[in-house]
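Tertiary structure, described
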Amino acid sequence: MDGVIFVIFGASGDLAVRKLIPAIFELHQGKYLPENFAVLGVSRSEYTDAAFRKKVFYESEFIDLKGKSKEEQKDFAERLSYTAIQTSETKDYAKVKKQLAKIDKQFNIGGNYIYYLSTPPFLYKTIPACLAAHGLNEEKEGWKRLVIEKPFGYDLETAVALNKDIKQYFQENQIYRIDHYLGKETVQNLLVTRFANGIFEPLWNRNYIEHVQITNAENLTVGSRGGYYDKSGALRDMFQNHLMQIVAHLAMEPPISADANAIRNEKLKLLQSIRPIKEEEVSKQVIRGQYTKSTIEKKAINGYRQEEGVPSDSRTETFVALKFFIDNWRWAGVPFYVRSGKALPTKVTEVVITFKDPPHALFRKEEMVYNDNNQLIIRIQPDEGLLLKFGMKVPGAGFEVKDVGMDFHYSDLTNAHVPAAYERLLLDMIKGDATLYARGDSVEEAWRFVEPILNAWKNNPKIKVYGYPAGTWGPAVVAKLIESDDVTWRNPCRDLTTDGSFSEL
Ligand code: BG6
């Protein structure tokens, strides 16, 4: 594997401390990284190398040093160094260049640098321009890659502009747009479930599937993130990126190979086939909600408008549910229902495929203890796995039919270390594998779909923001979004096999 320097911009920030450095450390411990690698932290705050090592490594609450020898700790710590610059000052990047040359020589890197922008988004345009001004984007010696965190744009216009700006300095194959959901094993497993088995794919279409649900629930409230969240909302924060990526994995056509471009081409095609929701249809097909105060386990929970950094008349949605269609041969007429929210009863993300009823009802309705259609539940998190629900005969006279389930839990599969999303993504990036990164065109396509919804909400204040008490499954009207005779939302529990009108207290 090539040697590499990770250059982390915003190195003293939350993401670097919580996720990036711990992921790099885990990868190093697991011997996944090349022998010649180093980390250069870049930020505005002044730190010596020693102080930086102490903050992000030795004294980090996100790194477990138990059982690690002094030598092991030293070996990692010595690879960490730090440079303070004014991030928007082009001339300061001379310091970065000098430092890179020094580290490169010390660790024999060979000119391969990953620039990780873990900064506020307004710097996404500035940093690539400043790097380019010092030739730090050139690949004459070694490769250069640029990693960008979400949010990638604020709407379609800003996303298109950002792509254009960055591409002045870096080519598409050098740009890695992180969507941490793509680093989740279970999101990748959607492709394996579909394309490594002969039994699911023949049923994966309008002939057999009645509708598709995706639930993404979090029991946490926005807490101290109100300042950020209020400018974002559930549609931008979760749906435009993470959930549309899940839809793409679930619904795309089989790619011609498992190669990054083949998969990303199919995902783009799928996103292009989603029927736009017109502004005038938004109030019928999209429901937005906001959590209100409640009491859970005798503890008073703030309503969204009482959270720090949130205006008391905010109309930002903490919950969104959508109904949409995919206009292609496979999915014509099959409704997709997606909901996402904060302050719901539990933390869970799952896909529910509801199959059509058998064409002819043979057994008497009264004997059917089994009411549901067949369902395949693909659990993204937690209790990752798969559950197939179907009806079986209860032993005895007559034909009483009961609901049963066949379940597979990921935890049964292996004792091996399952890499955290960031570990997997960082490793792929070093290897130059962009399969699990969002390509510029599909990010724009996803914004194109959400744009009319954002516009409708902005232009038409009459579109309701429904309240829901924190700790419930969102506004009651959401039940009506699913137009099915006998199936509504599956309200999941933490464990895969139970559902119902459950509330995790
Ligand atoms: C982030 C959102 O992208 O994803 C957060 O900004 C959200 O609001 C988080 O909480 C959820 O990620 P996960 O992996 O915990 O489901």
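The following paragraphs examine the structure supplied in this document. (Residues numbered from 1 in each chain as written. Predicted model: local features only at pLDDT ≥ 70, side-chain atom pairs only at ≥ 80, totals over all residues. Heavy atoms only, no water.)

Quick word on helix α1 (residues 14-29)
- Between its first and last C-alpha atoms α1 spans 22 Å; for 16 residues at 1.5 Å apiece the expected length is 22 Å, and the two agree.
- In α1, a bend of some 30° at leucine 20 exceeds every other bend along the element, and proline 22, a proline, comes one to four places later.
- Residues of α1 that are buried include every one of Ala16, Val17, Leu20, Ile21, Pro22, Ala23, Ile24, Phe25, Leu27 and His28, and no others.
- Where the residues of α1 are buried, they touch β1 (4-9), β2 (37-43), α2 (49-58), α3 (70-77), β4 (113-117) and α12 (421-431).
- Directly beyond the C-terminal end of α1, a positive phi value near 60° is found at lysine 31. (Helix = DSSP H or I, 4+ residues; strand = E, 2+ residues; numbered from the N terminus. Expected span 1.5 Å × (residues − 1). Bend = angle between axes of the 7 residues up to and from the residue. Buried < 20%, exposed > 50% of the residue type's maximum accessible area, 1.4 Å probe, protein only. Contact = heavy atoms within 4.5 Å.)

Regarding the nonpolar core
- With 147 residues, the main nonpolar core has Phe6, Ile8, Tyr115, Phe239, Leu322, Phe324 and Phe449 as its most contacted residues.
- Looking at this core element by element, the count peaks at 11 residues for helix α9 (residues 234-251).
- Apart from residues lying up to four places away in sequence, phenylalanine 239 is in contact with Ala234, Met244, Leu322, Phe324, Val338, Phe449 and Val450. (Core = buried A, V, L, I, M, F, W, Y, C linked by side-chain atoms within 4.5 Å.)

Here we look at the packing of aromatic side chains
- This model, assessed by the stated rule, comprises 22 aromatic pairs.
- Taken together, a centroid distance of 6.4 Å and an interplanar angle of 65° make the contact between tyrosine 291 and tyrosine 468 edge-to-face. Taken as a pair, tyrosine 291 in strand β8 (residues 286-292) and tyrosine 468 in strand β17 (residues 465-469) lie far apart in primary sequence, 177 residues in all. This pair shows no difference in class: tyrosine 291 is buried, exactly as tyrosine 468 is.
- What links up through ring pairs into an aromatic cluster is the set Phe25, Phe37, Phe57, Tyr58 and Phe76. (Phe/Tyr/Trp six-rings, centres within 6.5 Å; stacked < 30°, edge-to-face > 60°.)

Some remarks on the pattern of salt bridges
- Applying the stated rule across the entire model yields 24 salt bridges.
- One salt bridge in this structure joins glutamate 89 and lysine 91, with 3.8 Å as the shortest N-O distance.
- Lysine 140 serves as the salt-bridge partner of glutamate 138, at 2.9 Å between the closest nitrogen and oxygen.
- Overall, lysine 140 belongs to the exposed group, its relative accessible area being 75%.
- Three or more residues joined by partner-sharing salt bridges are found here, namely Arg194, Glu201, Glu253 and Arg330. (Salt bridge = Lys/Arg side-chain N within 4 Å of Asp/Glu carboxyl O.)

Here we look at unusual backbone geometry
- Here the residue pair lysine 150 and proline 151 is connected by a cis peptide bond, since its omega of 5° sits within 30 degrees of zero.
- On the secondary structure map, proline 151 appears in the loop between β5 (144-148) and α6 (156-167).
- Of note in the backbone geometry, lysine 31 takes a positive phi value of approximately 60° without being a glycine.
- Among the structural elements, lysine 31 can be located in the loop between α1 and β2.
- We note that aspartate 383 has phi near 45°; this positive angle belongs to a residue other than glycine.
- With respect to the helices and strands, the residue aspartate 383 is situated in the loop between β14 (375-381) and β15 (385-393).
- In this structure aspartate 383 comes out as partly exposed when scored by relative accessible area, which is 24%.

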